[in-house]
Amino acid sequence: MQTPMTAIFPMTFSARLPSVLATLLLLWSVVPVTAQDNPERDPQLPEIAPREIEIRGQFEVGFPTLERQPLRGFASPPTVPVIPPDRQPFTQAYKQERSELPEQLPSPPSVGARLKASPPPATGYVEAGAGRYLSRFAEAHITLPVSPTESFEVDAAYDGSAGYEPFESTDASTQHDDVEGTLRFVSQRDLVQVDAGLRGLSSGYDLYGAQPNRLGTIGAETPGRTVQSGGLFGRLRVQGRIPASVGFSFDQTSVSTDTGIGTDSTEFDQQRLAVDARAALPFGTREIEADVSASTSGLGTGAFEGDVQTVDLGGSAVAYRSGPTIVRAGARLLAFQSGDAGGTPATPEASATFVVPSVELTIAITPRFTVFAVNEPGLEHHTLRSRLEETPWLAPRPYVRPTLFSTRSRAGVRVSSGPIRITSHAGYRYAPSYRFVEAGPKVGYERGFFRSNYESARIAEAGASIALQGFDRVQAIVRATIRDGQLVDSETTVPFLSPLLVESALSYSMMDGDARFGVELGIESPRYVDRSETTETGTVVDLDLTGSYRVTPSLDVVARLENVGASFERYPGYERPPTTIGAGIRIHW
């Protein structure tokens, strides 16, 4: 029995050896745990914090190299751009439609009720002075805010003189007194702006160049004239998706001339009512700028019963745009009717209606070189007041008529080079109804009166201007124009239209802006006084100097030097007063 067991055992043990070893290892690990649970045994635990540690083998610790960052120079210095000395400002056309631009930038949201509680302080100035020939002048502009968005504005001006006596044989003098003023209310809100007010003018002067007849009907030796005008105006502007504005004006003017001739009607009254509106209307992907103006006026009657009516209606849109090239095209309707053959007194009748194109082209070839071309037909109104402001020596005439330009085109280039801006142009105007002035007879007088006439005319001109730009202390411009005006029906030169016209202005400030100096110079070449082309005026050289010095932050000393240079007659018989010196003070706050 022993032999078989001895033979089997070695085979079984060798086959189960892995299982036996695993069992022994498990029991070896369990025995210490069982001994810890037995409180009767006190095993010797290994020391948790040994005093000596023996490390066998080799282990090298490697760290990356660390370098301290320098205290300055963390990054490269900023690059300073190099601006070429011939660099010019951007002068290309703005790509946004003009009608989309707001007329006033909105206030930031932070400007809320805190500012509305107290309006800004009043600002303005008052100026007054006197000079040679007992001349006197005064001027004032005052802004009185009543809230952060509403204010009243007062503008007033006075100019007068005891006069200079140009003739030894008579007591005629250049005395005059002119007063003009405006009271305006302005409201500047985000969506709606209002501008409305009253205006008035009073002027009195002598027609010192009028020469009475030697025989027959004789007029006053020095007839006096009084012009009084008053009116009201208003304009409403609305911002939004369709920006629009509407305005109106109503004026009444009275003119009285003391000629001393009882049978001659020398008093005339005129009323005029005018309205206008404009808006930017969306049309598909484009926008149409449309405007219309109309007026009616009457001499000796109400405005609605007047003898002159005008209409000016037009619209335009951007027809082509490519980069700096912009083409705007449109059309205008121009119409007027004037005269009353059955009136008292009768006035010549005339009417015209034209539908004409309007074009505006701008091409910015380079930032410094721009080409432009434009045709702007339109109407120029001639009220009784505007006629006398242009030519004070007119003989009273019972009718007025607008000037209608069916063609008013010009083309040219604008060049900017450093501080110089040069503009040159050539233009052509054609007017089926053109107002011009010529010397004319007046009952009781041999000379000294002029009259308005109307006729078809064409005017060609070319000119250039040079202006300084980019300077804070000095501003200057010189403009010269060569003109050729012809009356179509009479086939003669337009009277009182100088072939050469030069205008220049200079303003210079120094001593940190405390001192200012200004020069205005105008030159007009000789011109014919009537359609017979037999008499010419002399060359006109009109030079005026102004200056001011700030004594205190609120007080300036002002000075004027007017009519500098040789005497001349812009209109025959009316010699300009000699050089006049005046001085005064200006108070501003």
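For the structure itself, consult the block above.
The shown structure was predicted, so the numbers you read here are calculated from the model rather than taken from an experiment. (Residues numbered from 1 in each chain as written. Predicted model: local features only at pLDDT ≥ 70, side-chain atom pairs only at ≥ 80, totals over all residues. Heavy atoms only, no water.)

### Remarks on the overall build of the protein chain
Our working definition: Starting at the N terminus, helices and strands are each numbered in turn, a helix being any DSSP run of H or I of at least four residues and a strand any DSSP run of E of at least two. Burial classification: accessible surface area is computed with a 1.4 Å probe over protein chains only, and a residue below 20% of its type maximum counts as buried, one above 50% as exposed, and the rest as partly exposed. Contacts were defined at the residue level, with two residues in contact if any of their heavy atoms lie within 4.5 Å. Each accessible area is a Shrake-Rupley result for a 1.4 Å probe, and residues are judged covered by the shown protein chains and nothing else.
Counting its secondary structure elements, the protein chain contains 4 helices and 29 strands. Looking at the 589 residues of the protein chain, the share that counts as buried comes to 33%. Taking as baseline every contact in the protein chain between residues at least 6 positions apart, the subset at least 24 positions apart corresponds to 58%. When the accessible area of the protein chain is evaluated, it comes to approximately 35,900 Å², of which 59% is carbon and sulfur surface.

### Brief notes about the packing of aromatic side chains
Let me state the cut-off plainly: Here is the rule: rings of Phe, Tyr and Trp (six-membered ring for Trp) pair when centre to centre is within 6.5 Å. Planes less than 30 degrees apart are stacked, more than 60 are edge-to-face, and the remainder are tilted.
Scanning the entire structure with this criterion turns up 12 aromatic pairs. Their ring planes at 70 degrees and their centres at 6.4 Å tell us that F405 and Y434 sit as a pair that is edge-to-face. On the criterion of sequence distance, the pair formed by F405 in strand 16 (residues 403-405) and Y434 in strand 18 (residues 420-439) is long-range, its members being 29 residues apart. The pair formed by F405 and Y434 is uniform in burial state, with each residue classed as buried. When the ring of F450 is compared with that of F496, the centres are 5.8 Å apart and the planes differ by 85 degrees; the resulting orientation is edge-to-face. Highlighted residues: F450 in strand 20 (residues 450-468) and F496 in the loop between strand 22 (492-493) and strand 23 (500-510), separated in sequence by 46 residues. Look at F450 and you get buried, because its relative accessible area is 2%. Members of the aromatic cluster, joined through ring pairs, are Y205, Y208, W393, F450, F496, Y571 and Y574.

### A few points about the layout of surface pockets
Here is the rule: Using only the protein atoms, space was sampled on a 1 Å grid; points where a 1.4 Å probe fits but cannot get out form cavities, open sets with protein on both sides within 12 Å along at least five of seven lines form pockets, and lining residues are those with an atom within 4 Å of a point. Grid points are joined across faces, edges and corners, and a volume is the space filled by probe spheres set on the points. Here the nonpolar group is Ala, Val, Leu, Ile, Met, Phe, Trp, Tyr, Cys and Pro; Asp, Glu, Lys and Arg are the charged ones; every other residue, Gly included, is treated as polar.
Reported here for the largest pocket is a volume of approximately 1,500 Å³. Taken as a whole, the second largest pocket encloses approximately 1,100 Å³ of empty space. Residue lining of the second largest pocket: 49 residues in total, with R429, R483, L497, L501 and E503 positioned closest to the centre. Among the residues forming the lining of the second largest pocket, the class breakdown is 20 nonpolar, 12 polar and 17 charged.

### Comments concerning the environment of P212
By the element assignment, P212 lies in strand 6 (residues 211-212). Judged by relative accessible area, P212 falls into the buried class, the value being 19%. Between the C-alpha atoms of P212 and P223, which are 11 residues apart in sequence, the distance is 9.7 Å. Among residues more than four places away in sequence, those in contact with P212 are I218, G219, A220, E221, G444, Y445 and E446.

### Observations concerning the pairing of strand 11 (residues 308-322)
Quick note on the threshold: Any two strands with at least two DSSP bridges between them are considered paired.
As paired strands, strand 10 (residues 286-299) and strand 11 are joined by 10 bridges and run antiparallel to one another. Residue pairing across strands places S295 opposite T310, the latter belonging to strand 11. For strand 11 and strand 12 (residues 325-340), the ladder comprises 14 bridges, and the chain directions are antiparallel. The residue bridging Q309 from the neighbouring strand is Q337, located in strand 12. Counting the residues between successive antiparallel strands, the hairpin from strand 11 to strand 12 contains 2 residues, one of them, G323, with a positive phi of roughly 65 degrees.

### Things to note about a nonpolar patch on the surface
As a reminder, the rule being used: Patch members must show over 30% relative accessible area and no salt bridge, and they are joined within 9 Å when carrying like charges or within 5 Å when they are nonpolar side chains of Val, Leu, Ile, Met, Phe, Trp or Tyr. A pair is scored as a salt bridge if a Lys or Arg side-chain nitrogen falls within 4 Å of a carboxyl oxygen belonging to Asp or Glu.
Taken together, the side chains of V126, M510, M511, Y549, V551, V557, I585, I587 and W589 make up a nonpolar region of the molecular surface, amounting to roughly 780 Å² of accessible area. Residue placement: V126 occurs in strand 1 (residues 123-131). The partly exposed category is assigned to V126, whose relative accessible area is 36%.

### A closer look at the nonpolar core
Across soluble globular proteins, nonpolar side chains have a tendency to be buried as a group. Applied cut-off: To define a nonpolar core, start from buried Ala, Val, Leu, Ile, Met, Phe, Trp, Tyr and Cys residues and group those joined through side-chain atoms within 4.5 Å.
Counting residues in each nonpolar core, the largest one holds 24 residues, and the members touching the most others are L207, A210, W393, F449, F450, Y571 and Y574. Counting residues in hydrophobic clusters, the runner-up holds 9 residues, among them A431, Y434, F436 and L497.

### Concerning the environment of A140
Along the chain, A140 falls in strand 2 (residues 135-145). Sequence-distant contacts of A140, that is, excluding residues within four places in its chain, are made with Y125, V126, V154, D155 and A156.

### Focus: the pattern of salt bridges
In a structure, side chains of opposite charge can pair up when their charged atoms sit close to one another. Under the counting rule described, the total for this entry stands at 25 salt bridges. Between R385 and E180 there is a salt bridge whose closest N-O contact spans 3.0 Å. Of this pair, R385 sits in helix 4 (residues 384-390) while E180 sits in strand 4 (residues 176-188), and the two are 205 residues apart along the sequence. When its relative accessible area of 16% is taken as the criterion, R385 is described as buried. Close ionic contact of E390 with R435 constitutes a salt bridge, the shortest N to O distance being 3.1 Å. Remark: R435 occurs in strand 18 and E390 occurs in helix 4; sequence separation between them is 45 residues. Given the relative accessible area of 48%, E390 is considered partly exposed. Several salt bridges share partner residues, and in doing so they unite E127, R550, D556, R560 and R586 into one network.

### Things to note about the pairing of strand 2
Relative to strand 2, strand 1 is paired through 9 bridges, and the arrangement is antiparallel. Bridge pairing links Y125 to H141 in strand 2. Between strand 1 and strand 2, which pair antiparallel in sequence order, lie 3 residues; one of them, Y133, sits at a positive phi of approximately 60 degrees. One ladder, built from 10 bridges, connects strand 2 with strand 3 (residues 150-161); its direction is antiparallel.

### With respect to the side chain of S338
Note the cut-off: Think of a polar contact as two N or O atoms within 3.5 Å of one another; within protein, one of them needs to be a possible hydrogen donor and the other a possible acceptor, and neighboring residues in sequence only count if both atoms come from side chains.
Considering the arrangement of structural elements, one finds S338 in strand 12. Judged by relative accessible area, which is 2%, S338 ranks as buried. At a separation of 3.5 Å, a polar atom in the side chain of S338 contacts the side chain of R401. Excluding residues that lie within four positions of it along the chain, S338 makes contacts with D307, V308, P348, E349, A350, V400 and R401.

### Brief notes about unusual backbone geometry
Its identity is not glycine, yet F496 carries a phi of approximately 60 degrees, on the positive side. Even without being glycine, N563 reaches a positive phi, approximately 60 degrees.

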